[in-house]
Every structure is written in C-alpha cells, then in structure tokens.
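Analysis of the macromolecular model
Spelled out, the chains give:
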Amino acid sequence: MINKNIAIGIAGVSLVAVLSVAAFWDKFPSFSKLTHVVGAEQVVLPPTVNEQFVAIVEHTKRQYIDSRGNSLGLREARAAAICAMGFPRAQALDWSGRLVAASSTASGLGVIRIEIAPGVHVSTRSTYLTDTLDNSLIPVCSPVATSVSQIPLGSRVRFSGVFVADSTDCIRESSITNEQAVRSPNFIMRFSAVSKLQ
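Presented here is a report on the structure given in the accompanying data block. Note that the structure is a prediction, hence the values are computed from the model and not measured.

1. Quick look at the pattern of salt bridges
Enumeration over the complete set of coordinates arrives at 9 salt bridges. For the salt bridge of Glu173 with Arg75, the shortest nitrogen-to-oxygen distance reads 3.9 Å. Residue Glu173 is located in the loop between strand S6 (170-171) and helix H6 (178-183), and its partner Arg75 is located in helix H4 (residues 74-84); the two are separated by 98 residues in the primary sequence. This pair shows no difference in class: Glu173 is buried, exactly as Arg75 is. Among the ionic pairs, Arg172 bridges to Asp166, the shortest N-O distance being 2.8 Å.

Given below as structure tokens:
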C-alpha cells in the first residue's frame, strides 16, 4: 500500500501539498494497485495507466478551477502522484490520443503533439534549442517519423514513449506560466512509437 504522505520525501513540498496528495489517494485508491516498485530497470506499465494519468491531471485542473485560481500545493501534489505511478522511469505503453500537430524543425527533426484529454497534451519540444537537454525531437527517417508522416492530423493514434524527468513536475511540463501548467499542461515525451488507430 502506498503511503499517502509520499510527498513528505520530496524536498520543499508544503503541508498543503502533502494533504493534496492524500486527497488524490482517497479519490483514486486504484492508483496504489497500479504503481510498480521502480528500481534501476525501466518499468513498463499497462495501458490502463493512461486513464489513471489523465485522471490525476484532470483532478488537478478541477481543483484549480474550484479554488478560483489558487494553485498553492496543487502542482506539487500532482507531481508526487505522477512520481508514485513509477514515472519518469516507467514507459508510457500503448497510450491513446489525437494527433493535433506534426511539423519539423529547420534541420528536419520531427515535432508532434498529441492530445490525451481536452487541453492536455503530450509532445516533443518544438525547436532544437529548447530540446538540447530533453532530446525529444524525432530523427529524420526514423520509424516514428515515417509513421507520423502517414497519419492525417486529427486522427486517433496509439503511442508509446518515455517522459523526461523534471524536478518540479516529476515529468517535464513545458508551459510558461503556472496557470497553463495546471489548466492546459503539455508534457514532454521521447516517442518510441506512434500509429494510427483503426
């Protein structure tokens, strides 16, 4: 059973954040059944984690709206809940979403963005400079690039990949403002597969 006070072990997390994490477990008790013990090896989680991940993000959005923009502790609590699911070492395996953007950088590296819930996206970085540390842009002529080039925008897709580790959000979130990070988050992923759902 996962300790509801898991956020205590994260440096700088406030008491409000700890209580928010406890609220997550109370509302979504199934998280504890899906969380894997993460060691040195990469953990592959089942596709159902896709829905659990979205539930965490959506719950945070609702809390933010209900509190009329008071985000105190919400982002930290979301990060703790995501980390408790095994991320960022865990692989997102066969998740589903809608391909909403596909382009390339000046050097030809692939840029994609997938919507997994209204206002919630998983994507690569959009430029080479912003991707220096994340290494998320898709290499030219790679299997992922070839597959994406054949998928019309707006199509439902299945995808796999790994998130980029981040000290603030557990996994890298690219929004400029705190409000965007909570209400319309965009999480950075290194995609290993993208295919059109039939």
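2. Quick notes on the side chain of Asp131
Position of Asp131 relative to the elements: it lies in the loop between strand S3 (120-123) and helix H5 (143-148). Although Asp131 lies buried, it forms no salt bridge, and the closest oppositely charged side chain, Arg125, sits 5.2 Å away as judged by the N-O distance. Looking at Asp131, its side chain comes within polar contact range of the side chain of Ser136, at 2.6 Å. With sequence-adjacent residues up to four places away left out, Asp131 is seen in contact with Arg125, Ser136 and Leu137.

3. Here we look at the packing of aromatic side chains
Tallied over the entire structure, the rule returns 9 aromatic pairs. Here the aromatic cluster, defined as three or more aromatic residues joined through ring pairs, consists of Phe53, Phe87, Trp95, Phe159, Phe163, Phe187 and Phe191.

4. Describing H4
Here H4 lies mainly inside the structure; 9 of its 11 residues are buried. Directly beyond the C-terminal end of H4, a positive phi value near 105° is found at Gly86.

5. Things to note about the pairing of S3
Residues Val120 and Val122 of S3 are buried on one face, and the alternating residues His121 and Ser123, pointing to the opposite face, are buried as well. Here 4 bridges tie strand S2 (residues 110-117) to S3, and the two strands are oriented antiparallel to one another. Note on S3: the bridge partner recorded for Arg113 is Ser123. In this antiparallel pair of consecutive strands, S2 and S3, the connection spans 2 residues, and Gly119 shows a positive phi of 80°. Where S3 and strand S7 (residues 186-196) come together, 3 bridges link them in parallel fashion. The residue bridging His121 from the neighbouring strand is Asn186, located in S7.

6. Remarks on the state of the cysteines
All told, the structure shown has 1 disulfide when counted by the stated rule. Two residues share a disulfide in this structure: Cys83 and Cys170, whose sulfurs sit 2.2 Å from each other. The disulfide joining Cys83 to Cys170 has a torsion of about 120° about its S-S bond and is therefore right-handed. Of this pair, Cys83 sits in helix H4 while Cys170 is found in strand S6, placing the two residues 87 residues apart along the sequence. With relative accessibility at 33%, the residue Cys83 sits in the partly exposed group.

Definitions and cut-offs
Residues numbered from 1 in each chain as written. Predicted model: local features only at pLDDT ≥ 70, side-chain atom pairs only at ≥ 80, totals over all residues. Heavy atoms only, no water. Salt bridge = Lys/Arg side-chain N within 4 Å of Asp/Glu carboxyl O. Helix = DSSP H or I, 4+ residues; strand = E, 2+ residues; numbered from the N terminus. Buried < 20%, exposed > 50% of the residue type's maximum accessible area, 1.4 Å probe, protein only. Lys, Arg positive; Asp, Glu negative; His and termini not counted. Polar contact = N/O pair within 3.5 Å; in protein donor to acceptor, adjacent residues only side chain to side chain. Contact = heavy atoms within 4.5 Å. Phe/Tyr/Trp six-rings, centres within 6.5 Å; stacked < 30°, edge-to-face > 60°. Pairing = 2+ DSSP bridges. Disulfide = S-S within 2.5 Å.

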